[in-house]
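Residue-level listing of the chains:
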Amino acid sequence: MDGVGIVGHVGRKGLRFALTDRTGELLPGTMRHYGSEHGSSVSGTLSTFQRDSGLGRLPERSAIAVAGLARGDAISITHTPWYVSRSGLRAMLGQPPLILNDFEAEAWALSDHRGAALLPLGAAPAVRLQEPGTYCVIGMTSGLGVSVLVHEPDGSVRVLATEAGHAGFAPASRAMADLLAAIFPNRFPVVAEHLISATGLVAIYTELAKAQKLAMRATKPEDITRLAGVDPLARQACEMLCEAFWTYTSGLVLTFGAWDGVIVTGKLAMALRDLLSLEAMAAVFHGTGKYMRLLAAVPRSVTALEHGELNGAARALGSHVH
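Since this is a predicted model, take the numbers as computed values, not measurements. (Residues numbered from 1 in each chain as written. Predicted model: local features only at pLDDT ≥ 70, side-chain atom pairs only at ≥ 80, totals over all residues. Heavy atoms only, no water.)

(A) Spotlight on the packing of helix α6 (residues 198-212) against helix α8 (residues 232-256). Relative to each other, α6 and α8 sit at 130°, their axes nearing to 9 Å. Here α6 lies oblique to α8, going by the angle between them. α6 and α8 meet at a crossing whose hand is right-handed. Across the interface between the two elements, Leu201, Ile204, Tyr205, Leu208, Ala209 and Gln212 of α6 pack against Leu233, Ala234, Gln236, Ala237, Cys238, Met240 and Leu241 of α8. Class assignment of the residues belonging to the contact of α6 with α8 gives a composition of 11 nonpolar, two polar and no charged. (Axes fitted to C-alpha atoms, helices over the stretch in contact; angles between N-to-C directions. Helix = DSSP H or I, 4+ residues; strand = E, 2+ residues; numbered from the N terminus. Parallel < 35°, antiparallel > 145°, perpendicular 65-115°, else oblique. Left-handed = near helix turned anticlockwise from the far one by under 90°. Contact = heavy atoms within 4.5 Å. Nonpolar A, V, L, I, M, F, W, Y, C, P; charged D, E, K, R; others polar.)

Okay, here's the thing in structure tokens:
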């Protein structure tokens, strides 16, 4: 077992574990998924993984990506009964685990630019991850995840984990401000993730239907995105979400200095790719401020990462000595 590692993802929908080989590559055939029936103990689920995998013992080296803030000893996973205990995993495996935020792991998965097809967003330049630079990785799914990937000129990689999805959102148009006031009355500030997410899309669609006295044809985010091509109300809701997304992402580029590229991930983002690519959305991203021309030159791409959290955990594990 020397050099072999175990990686995991503890997310809102379940737990996944897999092994890595001695070179730090994920072994897809070892991957297993466990749902909520396995309780709240990650260490207990690891024991189940050990038994299901026919392992005499678990590897000592481990990296776990979590849907939450990876600080402290006991880490609670957002909107789930699960938690991760650093001290518990250390006692179980023999070495301290590497625990990272799930979108931090997404950035690590992109760090070697091999496993991701970066698709262009409209007329924006394509992101060239093989070049040194600072990149913002932003995922639009059931939540809003943000991390920063830095490729140094010497080939080394740094990843900054953030909780930027939980920062406040500032609307850039009167229509957006009115929409926020209707959906989130007397809430100051509005948390970005509450608007820019699958849940936010449903809230936007519901409010637009109410305001326009129109019948709702969908209640799930995937149905709203599917209807966007044929239903004016669904399209309007999706366009408002895309406007909010690019408004917020523009601010992230300015905040983190991510002038070398924005990489968008997540199933919701992929479903909205055509709308995110519209010229009108590019104008939202550029804005009208002092750095309008610089923002216009920022490369922007979207990608669908396969097993991004596990691959990223494997990459991060290979780069850390702990």
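Picking up where we left off.
(B) The arrangement of the sheet that holds strand β15 (residues 300-302) in detail. In space, the six strands of this open sheet follow the order β8-β15-β14-β9-β10-β11, with mixed pairing throughout. The two strands at the open ends of the sheet, each matched to only one other strand, are β8 (119-120) and β11 (157-161). When strand β10 (residues 144-151) meets β11, the two strands line up antiparallel, connected through five bridges. Residue pairing in the sheet places Ser147 in a bridge with Ala161 of β11. Each of β9 (133-140), β10, β11, β14 (261-265) and β15 touches α8; the most contacted strand, β9, lies at about 150° to it. (Pairing = 2+ DSSP bridges.)

(C) Representation of the pattern of salt bridges in the model. Within the structure shown, the criterion is met by nine salt bridges. For Arg217, the salt bridge goes to Asp231, with nearest N and O atoms at 3.2 Å. Taken as a pair, Arg217 in the loop between α6 and α7 (221-227) and Asp231 in the loop between α7 and α8 lie far apart in primary sequence, 14 residues in all. Relative accessible area serves as the criterion here: at 10%, Asp231 is assigned to the buried category. With a shortest N-O distance of 3.4 Å, Asp223 and Arg226 are connected by a salt bridge. In this pair, Asp223 and Arg226 are both assigned in helix α7, three residues apart and thus about one turn of the helix distant. A residue is classified by how much of its surface remains accessible, and Asp223, at 22% relative accessible area, is partly exposed. It is possible to trace a salt-bridge network through shared partners that takes in Glu25, Asp112 and Arg315. (Salt bridge = Lys/Arg side-chain N within 4 Å of Asp/Glu carboxyl O. Buried < 20%, exposed > 50% of the residue type's maximum accessible area, 1.4 Å probe, protein only.)

(D) Spatial organisation of a nonpolar patch on the surface. A surface patch of nonpolar side chains, amounting to about 360 Å² of accessible area, comprises Leu254, Trp259, Tyr291 and Leu294. Note that Trp259 resides in the loop between α8 and β14. (Patch = residues over 30% accessible without salt bridge, like charges linked within 9 Å, V, L, I, M, F, W, Y side chains within 5 Å. Areas by Shrake-Rupley, 256 points an atom, 1.4 Å probe, with all protein chains shown as cover.)

(E) Quick look at helix α4 (residues 174-183). Buried residues of α4: Met176, Leu179, Leu180 and Ile183, and no others. Down the axis of α4, the buried set is contained in an arc of 100°. They therefore lie on one face. Residues of α4 that are buried in the fold lie against β12 (168-169), β13 (190-191), α5 (192-195), α6 and α8. (Arc of directions from axis to C-beta.)

(F) Layout of the environment of Leu69. Turning to its location among the elements, Leu69 is positioned in the loop between β4 (61-66) and β5 (74-76). Ignoring anything within four residues of it in the chain, the contact list for Leu69 reads Ile75 and Glu163.

(G) Local environment of helix α13 (residues 308-319). Here α13 is 12 residues long and its end C-alpha atoms lie 16 Å apart, about the 16 Å a rise of 1.5 Å per residue gives. Where burial is concerned, most of α13 is hidden: nine out of the 12 residues are buried. For α13, every residue scored as buried is listed here: Gly308, Glu309, Leu310, Gly312, Ala313, Ala314, Arg315, Ala316 and Leu317. The elements touched by buried residues of α13 are β1 (5-11), β2 (14-20), β3 (26-34), β4, β7 (98-101) and α3 (102-110). (Expected span 1.5 Å × (residues − 1).)

(H) Inspection of the environment of Phe285 at higher detail. Mapped onto the fold, Phe285 is located in helix α11 (residues 279-286). Note: C-alpha distance between Phe285 and Asp274 (11 residues apart in sequence) is 15 Å.

(I) Structural view of the pairing of β10. Among the eight residues in β10, eight count as buried, and that is most of the element. Here β10 shows no split at all, with Leu144, Val146, Val148 and Val150 on one side and Gly145, Ser147, Leu149 and His151 on the other all buried. In this sheet, β10 lies alongside β9 in antiparallel orientation, the contact comprising eight bridges. What sits directly across from Gly133, in β10, is His151. The turn linking β10 back onto β11 is made up of five residues, and Gly155 within it adopts a positive phi angle of 95°.

(J) Structural view of the pairing of β4. The element β4 is largely enclosed, with a buried count of five among its six residues. Judged from the six bridges that link them, β1 and β4 form a sheet pairing that is parallel. Opposite His9, over in β4, you have Ala65 as the bridge partner. The pairing of β4 with β7 spans four bridges and is parallel.

By themselves, these observations are geometric and do not establish any function.
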